[in-house]
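# Coordinate inspection notes
Spelled out from the first residue to the last, the chains are:
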Amino acid sequence: MLPHKFSTGLVCLLVIFLTGTLFSQTIVLHPQRQWINYGEGLQYEAQAFSDLGMPLVVDEYEWSVSPETAGTISNEGYFVAGDEFVKASITATARIKGERVSGDALVIVGESPDPEISIVVEPEQAIVEPMGTLTFAAIAKGPNGISLRIDGVRWLVSPRSIGMISDEGVFTAGPRFAEGTVTAVVDIEGVQFKGEAEVLVSSEPTGSIFGTVTDESGSVIDGAQVAVIRLGIPVQRKIMDVSEDGSYMFDNLVPGNFVVVAEADGYIREFYNNVTDFDQTTPVSVGVEEDVTEINFELGTGGSITGVITDEATGDPIEGVSLTAVLTVNPTRRYHALSDVNGEYAITGMKTGSYAVFANKSGYVAEYYDNVRLPEDVTPVSVTAPDETSGIDMALTVTNALTGIVTSDADGSPIEGAIVAVRELVSESPQTGEGFLNQFRHVARTDENGAFSLQLNPGFYLVYTRASDFVPEWFDGVDEAETATPVQIFEDQHTEIEVGLAPFGSISGTVTDENTGLSMQGVRVAAFYEGNLYGYGRKFSAITDENGDYIIPSVPTGEFFVAANADSYLVEFWQEADSLANAAKVTVESGVPVQDIDFTLSAGGILGGQVVDSESATPLENAIVRVERVDGKLRKTAKTDADGFWTIKGLPAGSYLAIAVKRGYEREWYLDEASREDADEIELLDSGSNVNINFTLAELALSGSGISGVVMDESGEIPVEGAIVTMMPLDFAKPRRGVTGPDGSYEILGVTPGDYIISCRALNYVGEFYDNVYSWLDADAVTVETDIVTPDINFNLAAQEEGAYTIKGMIVDKKGNAKEGALVVAKQAGEVIAAEITEADGSFLLHGVPAGKYSLMASQTGYDESYLDGTSEENSKDLSVGDGLQVYDTVIVLGDVTTAIETETMVPVAYQLEQNYPNPFNPSTTIRFVLPNTAQVKLQIFNLLGKNVRTIFEGSRQAGAYSLSWDGTDNNGVVLASGMYIYRLEAQSESGRFVDQKRMIFIK
């Protein structure tokens, strides 16, 4: 849950300045930090200030939201929230005195799910003087606030310009005023979690602002709030409720100019000094050790517009209609409301003026008062504060839509917050693949009555519904799209359906120590689903409390393998089993709790040692050591401490291999070997230990040709440490590798100039080729030039869905030779679940994948794509893991050497523009072309009238094959209409000019 919510329309403003400028133009957003529910709207305002703190006139602001999945924002700054919990940034940008200036605001959409593990960084908010220091600490909390053991912490600072932070969490501020965040990336049992703290680099905060907020009669206003924000760097912003006597006080303010604003429901918001418009505010100046008093506000009661919204055909009231009143003399000033169950609405807190009133709800034709579609035809509504303007009623016309109710199968009660999503069909018959025209582009959430509405074009749709604590399903009551019942939408009609969801069950039990019999706190218990849930993960988990008890909620109907895992202990499967093969399944029924799934854990063995520099014998900190069972049944990692020591506990008896990697060093297999096939095996007896597994790593070349970049997780927020980046030459030479450091960065230097295919892999992440593809034929080749380091070869890796199974095997050519550096991709129902790079002996290990059938593909530079016992994904052999059975002996034989590789120059011999794929398409398609030599290239999209609607690329490209995508938008980012389009390739080189074009169909 959110720690607190913010009342609608209230304040705490955010300022963003021109980079590197102490005093410059500033854009302020109102409101700044705001909570909003799914599907609701929020009006933003932007105001520019000069370097002296005076309001500036800006003709137009550009609005955007990031990530785009958080919702949409109009050209007027009206934000409509999406359907999933997210923290998003609202940005307003304008050109001021020739410079582009941006201001940001934070919006929190929906309710945050209770995390299994939360990371608290203390102090959560801090002010540090320039060049000063402060120590931060990370604390991991499990259910009920229990403390959890942390295996390791990486400290990060963003932006880096504000200062540095050590491995111990000691932050040293930079020399200039700034603001940013300190992030702790915490490792617990091999899983990473993130916590953040705000930090302000500033002079000592010695100022304060005092005042009162009352109504015009002098009476205290219940629920009034005040916010202040400092103009200039550093930014400082605070918000507070007014006390019972109407007073407020902001202390510990950094000296400077502050915008001060007060608001309360039903009242006209007010900026200091007694103004209601953002562009007329007077900043309050606060000096060193100065207490500024008498910053008082007298809020006037606002006017209001009231009315009733009904269905034009039936006269029935319509609930949930969004009403917007736009001040005609200042369209940036807008007020909003929603109609209730009786169709009644009240827009309050309005200043005197003339307004255009707009009504909008999915499934109805949007209109202005009085019954017009265009803003120029509106009948203005006059408001005089504090009076009510009543009787502004509107009757909306039905348009084509899907409506319905979602309830619980258990008791028929409505389910609030359920997600209803649809896929449009080409025909009435359910299909997969190309039969779908879109991938859930239409989504709605149910209200408190379980009702939903989705405005759709006439046609056939498949409907998918999911909600917390309930089993998801396709309409009508099936778990697969192929067996779903299509729903037809008709012109100017509402198609109504009813959806009943079955409640989830639960799994609970107790974990104790086998030797002592004592309960064990902080143990993670995971239940691995043997089936498949569309849109859900297949691992469900919980952490034991101080009594050793756990409960895994929201578990779907089906069969599970349940395992308990704790540091220093062997993993145990239920019931008292050491592996999946010996485990007993747990069966869960809808709404039924499964109890007494208990575990008694026993201690495991220990491997450890030290990693040092081969020349100086200096201990190497932050080296990554990975150990894996020779049989592929287990893989664990550890990181060395300041003295170079590492330890991995809780290991079962068996034979192990170990490898150590560190950025800037050659990787090394134990004992002093360069490859896995030459590595010495390490024998570990039951509950035994071997802490003499030592490594001496040799430094890599620190100069010459090469590449560099950063590897982050898919969100772009967490750097991936220990990721392996591989450079595969196009001449069948040995690959070169690099490893990322704690900040996710890497360098591979001393590389022979030439063209390379780059790949990246990391534990618990899905490997890929550069840039975000799974076939080397689709990869962007990187050219390494003499004595040049090519920068920004970056990766954003997707986290691998966690399961209990392992797929182990080999990649060989037709002669049986092992192939290093191949990317092995495991797909399930067309979705990439896992991908790994082969070692020097051709081996790969897809560890921790969910149960199910997989299609395996191997992509090796210089070879055609290769599949398990087949020539394509369609005719390849499916590989299944499940029912406790793993796979350890898979072999994929590479196909033929590609034509391009067989040529001496490996350069295409002719220009070629290929047909786009897929075609027809929605939402995007790929266009491939081939260049035989370096050329100036222009790839454009035209409509059938010959008008250029999008330029995909224009610039120079070297010889090679290229793939570019188009998402159906024009040059302004607006989605185009369905229809036929022409794509045209022009290439100009020393050898002449090439022009070709083809047709494609875009379907929405």
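Relevant structure appears above.
Residues numbered from 1 in each chain as written. Predicted model: local features only at pLDDT ≥ 70, side-chain atom pairs only at ≥ 80, totals over all residues. Heavy atoms only, no water.

## A short note on the overall build of the chain
Rule in force here: Per the convention used, a helix needs a DSSP run of H or I reaching at least four residues, while a strand needs a run of E reaching at least two, with both numbered from the N terminus. Restricting the calculation to C-alpha atoms gives the radius of gyration, and the globule rule supplies 2.2 Å times the number of residues raised to the power 0.38. Summary of the burial criterion: residues with accessible area below 20% of their type's maximum are buried, those above 50% are exposed, and those between are partly exposed, where the area comes from a 1.4 Å probe applied to protein chains only. Here, two residues are considered to be in contact whenever any of their heavy atoms come within 4.5 Å of each other. Only the protein chains shown count as cover for residues, with accessible areas throughout obtained via the Shrake-Rupley method and a probe of 1.4 Å. The positive count covers Lys and Arg only, the negative count covers Asp and Glu only, and His and the chain ends enter neither. Every charge is mapped onto a representative atom, which is NZ of Lys, CZ of Arg, CG of Asp or CD of Glu.
On a plain count of helices and strands, the chain comes out with one helix and 88 strands. A globule of 1004 residues ought to have a C-alpha radius of gyration of about 30 Å, and the chain, at 31 Å, matches this closely. Structurally, the chain occupies a C-alpha span of about 85 × 70 × 65 Å along its principal axes. Every one of the 1004 residues in the chain was classed for burial, and the buried ones make up 51%. For the chain, restricting intrachain contacts to residue pairs at least 6 apart in sequence, the fraction spanning at least 24 positions comes to 66%. A total accessible area of about 44200 Å² is found for the chain, and carbon and sulfur atoms account for 47% of it. Each charge class in the chain can be summarised by its mean position, and for the 61 positive and 148 negative side chains these summaries are 8 Å apart.

## Here's the deal with the pattern of salt bridges
Threshold: Should a side-chain nitrogen of Lys or Arg be within 4 Å of a carboxyl oxygen of Asp or Glu, the pair is scored as a salt bridge.
Here the structure, examined in full by the defined rule, presents 34 salt bridges. Among the salt bridges present, the one from Glu-179 reaches Arg-237, with a minimum N-O distance of 3.0 Å. In this pair, Glu-179 is assigned in strand β19 (residues 178-188) and Arg-237 in strand β23 (residues 237-241), connecting sequence segments 58 residues apart. Relative accessible area serves as the criterion here: at 25%, Arg-237 is assigned to the partly exposed category. For Lys-639, the salt bridge is made with Glu-721, and the minimal N-O distance between the two is 3.1 Å. On the criterion of sequence distance, the pair formed by Lys-639 in strand β58 (residues 635-639) and Glu-721 in the loop between β65 (706-713) and β66 (724-729) is long-range, its members being 82 residues apart. Counted as one network, the salt bridges with shared partners bring together Arg-626, Glu-628, Arg-635, Arg-667, Arg-676, Arg-761, Glu-836, Glu-839 and Asp-841.

## Focus: the side chain of Glu-820
Note that Glu-820 resides in the loop between β74 (805-812) and β75 (823-828). Apart from the residues lying within four places of it in its own chain, the contact partners of Glu-820 are Met-728, Lys-734, Pro-735, Arg-737, Thr-838, Glu-839, Ala-840 and Gln-860.

## Considerations on the sheet that holds strand β8 (residues 71-73)
Note the threshold: Strand pairing is assigned whenever DSSP detects at least two bridges linking the two strands. Only the stretch in contact is used when a helix axis is fitted, and all axes are lines through C-alpha atoms; the angle between N-to-C directions ranges over 0 to 180 degrees.
The strand order across the open sheet built from three strands is β4-β9-β8, with neighbouring strands paired in antiparallel fashion. The sheet is open, and its two edges are formed by β4 (41-43) and β8, each paired on a single side. For this sheet the average axis-to-axis angle between neighbouring strands, irrespective of direction, equals 15 degrees. One ladder, built from three bridges, connects β8 with strand β9 (residues 78-81); its direction is antiparallel. For Gly-71, the partnering residue across the bridge sits in β9 and is Ala-81.

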